[in-house]
Amino acid sequence: QVQLVESGGGLVQAGGSLRLSCAASGGTFSSYAMGWFRQGPGKEREFVAAISWRGTISYYADSVKGRFTISRDNAENTVYLYMNSLKPEDTALYYCAAHTTDRSGWHAPRFRVEYDYWGQGTQVTVSS
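Residues numbered from 1 in each chain as written. Predicted model: local features only at pLDDT ≥ 70, side-chain atom pairs only at ≥ 80, totals over all residues. Heavy atoms only, no water.

A word on the nonpolar core. Nonpolar side chains in soluble globular proteins tend to be buried together. By size, the foremost hydrophobic cluster in this structure holds 34 residues, and its most contacted members are Met34, Trp36, Leu81, Met83 and Tyr94. At the level of elements, strand E3 (18–25), strand E4 (33–39), strand E5 (46–51), strand E7 (68–73), strand E8 (78–83), strand E9 (92–99) and strand E11 (122–127) are the ones that each hand at least two residues to this core. (Core = buried A, V, L, I, M, F, W, Y, C linked by side-chain atoms within 4.5 Å. Buried < 20%, exposed > 50% of the residue type's maximum accessible area, 1.4 Å probe, protein only. Helix = DSSP H or I, 4+ residues; strand = E, 2+ residues; numbered from the N terminus.)

Okay, here's the thing in structure tokens:
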């Protein structure tokens, strides 16, 4: 059983920065593609960013491109989301997720149905 635990959320002023972390246990993290999703008030859970298990392919939602960066440290079984120039519309519960079925190491899925395991989320609130 794979367990994912997010941390690093909090309250930040618009224009500020945060780093989210997701620690994995109970599986082979180095062979899992990883993603970040978020769910704001009254909204459906949406894609934010993803990274392949090789760590060389990544994708971002248009809304965060140029502001957020996803990275991973396979030695520490951790994936990060660096968030800069935060906006009030970034306010959401942020989830990390693991995709375990890629054998090539090149896939970075962008749809929630492609992920097998989910963390419980960490809250990010951006004030104006």
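Attention now moves to the state of the cysteines. Here a disulfide denotes a covalent bond joining the sulfur atom of one cysteine to the sulfur atom of another. The final tally for this structure, using the stated rule, is one disulfide. Linked covalently through their sulfurs, Cys22 and Cys96 form a disulfide whose S-S length is 1.9 Å. Given an S-S torsion of about 50°, the disulfide between Cys22 and Cys96 has right-handed geometry. Remark: Cys96 occurs in strand E9 and Cys22 occurs in strand E3; sequence separation between them is 74 residues. In terms of burial, Cys22 and Cys96 fall into one category: buried. (Disulfide = S-S within 2.5 Å.)

Here we come to the sheet that holds E7. Strand order in the open sheet formed by four strands is E1-E3-E8-E7, and the pairing between neighbours is antiparallel. Whereas interior strands pair on both sides, the edge strands pair on one side only; in this sheet they are strand E1 (3–7) and E7. Averaged over all adjacent pairs, the angle separating strand axes in this sheet is 15°, with direction ignored. In this sheet, E3 lies alongside E1 in antiparallel orientation, the contact comprising five bridges. (Pairing = 2+ DSSP bridges. Axes fitted to C-alpha atoms, helices over the stretch in contact; angles between N-to-C directions.)

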